[in-house]
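# Per-entry structural report
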Amino acid sequence: MSTQTATANRPKQDLTPDEKLEKLKEIYADAPELGKAALKNGLAMLMQELSATGRAQTAGRIGLRQGKVSELCVFLPFVEGGARRLRGLLQLLQGNFRAADAVGTVHDMRFVFVENDTKLLFATAYDGDFDPYIEDFAAKIPNAMDLWLCNFEGYPGMRNPKAAADWIASHQIAAEAWYVNSPNLTAAETRRLEKVGKAVDGLLDQIG
Amino acid sequence: MATQTQFATEPQSDAAVERKVQRLRELYADAPQLGRDALEQGMPNLKRELAAGTGAQNAGRIGARQGKVSELTGIIPFARGGAKRLQGLLEALEGNFRGGDAVGTLHDMRFVFLENDTKLLFATAYDGDWDAYIDDFVTKIPHSMDLIFCNLEGWPGIHSPSVKDYIVKHQIAAKAWYVANPNLTVAETRRLEKIGKAMDEFLDQVS
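Residues numbered from 1 in each chain as written. Chains lettered and ligands numbered in written order. Predicted model: local features only at pLDDT ≥ 70, side-chain atom pairs only at ≥ 80, totals over all residues. Heavy atoms only, no water.

### A closer look at the overall build of chain B
Scanning chain B for helices and strands turns up nine helices and six strands. Oriented by its inertia axes, the alpha-carbon framework of chain B measures out at about 60 × 55 × 30 Å. The buried share of chain B, reckoned over its 207 residues, is 56%. A separation threshold of at least 6 residues defines the contact pool for chain B, and within that pool the share at least 24 residues apart is 68%. For chain B, the exposed surface amounts to about 9000 Å²; the carbon and sulfur share of it is 53%. Placing the 24 positive and 28 negative side-chain charges of chain B at their respective mean positions leaves the two points 3 Å apart. (Helix = DSSP H or I, 4+ residues; strand = E, 2+ residues; numbered from the N terminus. Buried < 20%, exposed > 50% of the residue type's maximum accessible area, 1.4 Å probe, protein only. Contact = heavy atoms within 4.5 Å. Areas by Shrake-Rupley, 256 points an atom, 1.4 Å probe, with all protein chains shown as cover. Lys, Arg positive; Asp, Glu negative; His and termini not counted. Charge placed at Lys NZ, Arg CZ, Asp CG, Glu CD.)

Printed below as a string of structure tokens:
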């Protein structure tokens, strides 16, 4: 479907920020006027970005990572009746993915029906590397996984975790670029910090 | 496109849960064996999910929201030469989206090239409502926005009055959206990270 090469997998160029800017100007030579103007007017921010140490990493087998947080994005083809069933399931769940809470490594996930309900775009932000992430799902919530993934062509089932991981990877398209605002926090660490914050607020209330 | 309805947040009654289970069984009557087995074997957990008060909300004009965090997903065709330019730009940036940090309401963001580099999938998780979010980009990082999105077909420019209509036109609302920590904005998470570090140092000192 698209370029499977992740930006981070490409050979490092080791250009100086000024050399990068020169290259960008060449690349944008045929851009719409709007884009060329943006390059000129946004130079201050752009130079900061070009000067910083690269934050892009890979998530193991496929996908990008920033710090502790990775991205997974797949387009999955529905089997006949699959779109109707998944839609019904999601409607009844009303956003209560207790199963994802149980896994504990998911930051966010979205289910988007595309191409006239023939495919699902599933995109998630998660902690760590691809293979351990899928193994976690297989170990902790195999039924919840089978319940939604049985609606897609060729899904081998979570009782066969290796085959399931291969199946997911075969439908995955690695992002060209990935940004995470707080790349040093896993979902679990953020939950812990939320508690710490409440405790500190409580403490300060008592003192004050 | 998606359910834009706001739901009540009260836990569901036993009878309501049983009705939902019944509907799921009907829905899955023609599912592959794997799916029907998963339904029965996972029933205790599933009932807990069906019984919980819903977290699904909408993000204003378009998109889903959970707590304070919303989703924006768009699939947009590249302009001629646009994929090549955007790829070059993203490669040069190496993931350093200082612009994203500057906006301050952006949790995560991905750029995915689709269908032989003819379309871009752009997906973000952000704080609050759609209109305020887009306004933030317009005021805080207009040049970064134009630099990225001038590579897409029909991009009217971040300062154009039609820019919001353009984004809405290409956005596809998610049918379902999950956020692990729905009560934390980007700013709150950053503040908590600092509190956590300060607490660790404090505890080190008193020990």
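### As for the packing of aromatic side chains
Inspection of every chain in the model, using the stated rule, returns 20 aromatic pairs over all chains. Taking the centre distance of 6.1 Å and the plane angle of 90° together, the rings of Trp148(A) and Phe152(A) count as edge-to-face. By relative accessible area, Phe152(A) is classed as buried at 2%. One cation-aromatic arrangement involves Arg87(A) over Phe113(A); the distance from NZ or CZ to the ring centre is 4.8 Å. The cationic tip of Lys175(B) hangs over the ring face of Phe113(A); the distance from NZ or CZ to the ring centre is 5.7 Å. (Phe/Tyr/Trp six-rings, centres within 6.5 Å; stacked < 30°, edge-to-face > 60°. Lys NZ or Arg CZ within 6 Å of the ring centre and 35° of its normal.)

### Side note on the confidence of the model for chain B
All names here are of chain B. On average, residues of chain B score 91 in pLDDT, and 95% of them are at 70 or above. Counted against residues more than four places away or in other chains, residues 1-8, with its pLDDT under 50, gives 17 contacts. Overall fold confidence (pTM) sits at 0.90, and the ipTM for the predicted complex is 0.90. (pLDDT = per-residue confidence, 0-100.)

### Section: the sheet that holds strand β5 (residues 119-127) of chain A
Read from one edge to the other, the open sheet built from six strands follows the order β1(A)-β2(A)-β3(A)-β5(A)-β4(A)-β6(B), with strand pairing classed as antiparallel. Bordering the open sheet on either side are β1 (57-58) of chain A together with β6 (176-179) of chain B, each of which pairs with just one other strand. Where strand β4 (residues 106-114) of chain A meets β5(A), eight bridges bridge the pair, whose relative direction is antiparallel. When the bridges of β5(A) are listed, Val114(A) appears paired with Lys119(A). Contacts from helix α4 (residues 82-93) of chain A reach β4 and β5 of chain A together with β6 of chain B within the one sheet, and its direction differs from that of β4(A) by about 135°. (Pairing = 2+ DSSP bridges. Axes fitted to C-alpha atoms, helices over the stretch in contact; angles between N-to-C directions.)

### Brief notes about the pairing of β6(B)
Residues Ala176(B) and Tyr178(B) of β6(B) are buried on one face, and the alternating residues Trp177(B) and Val179(B), pointing to the opposite face, are buried as well. Sheet topology note: the β4(A)/β6(B) ladder contains four bridges and is antiparallel. The residue of β6(B) that forms the bridge with Arg110(A) is Trp177(B).

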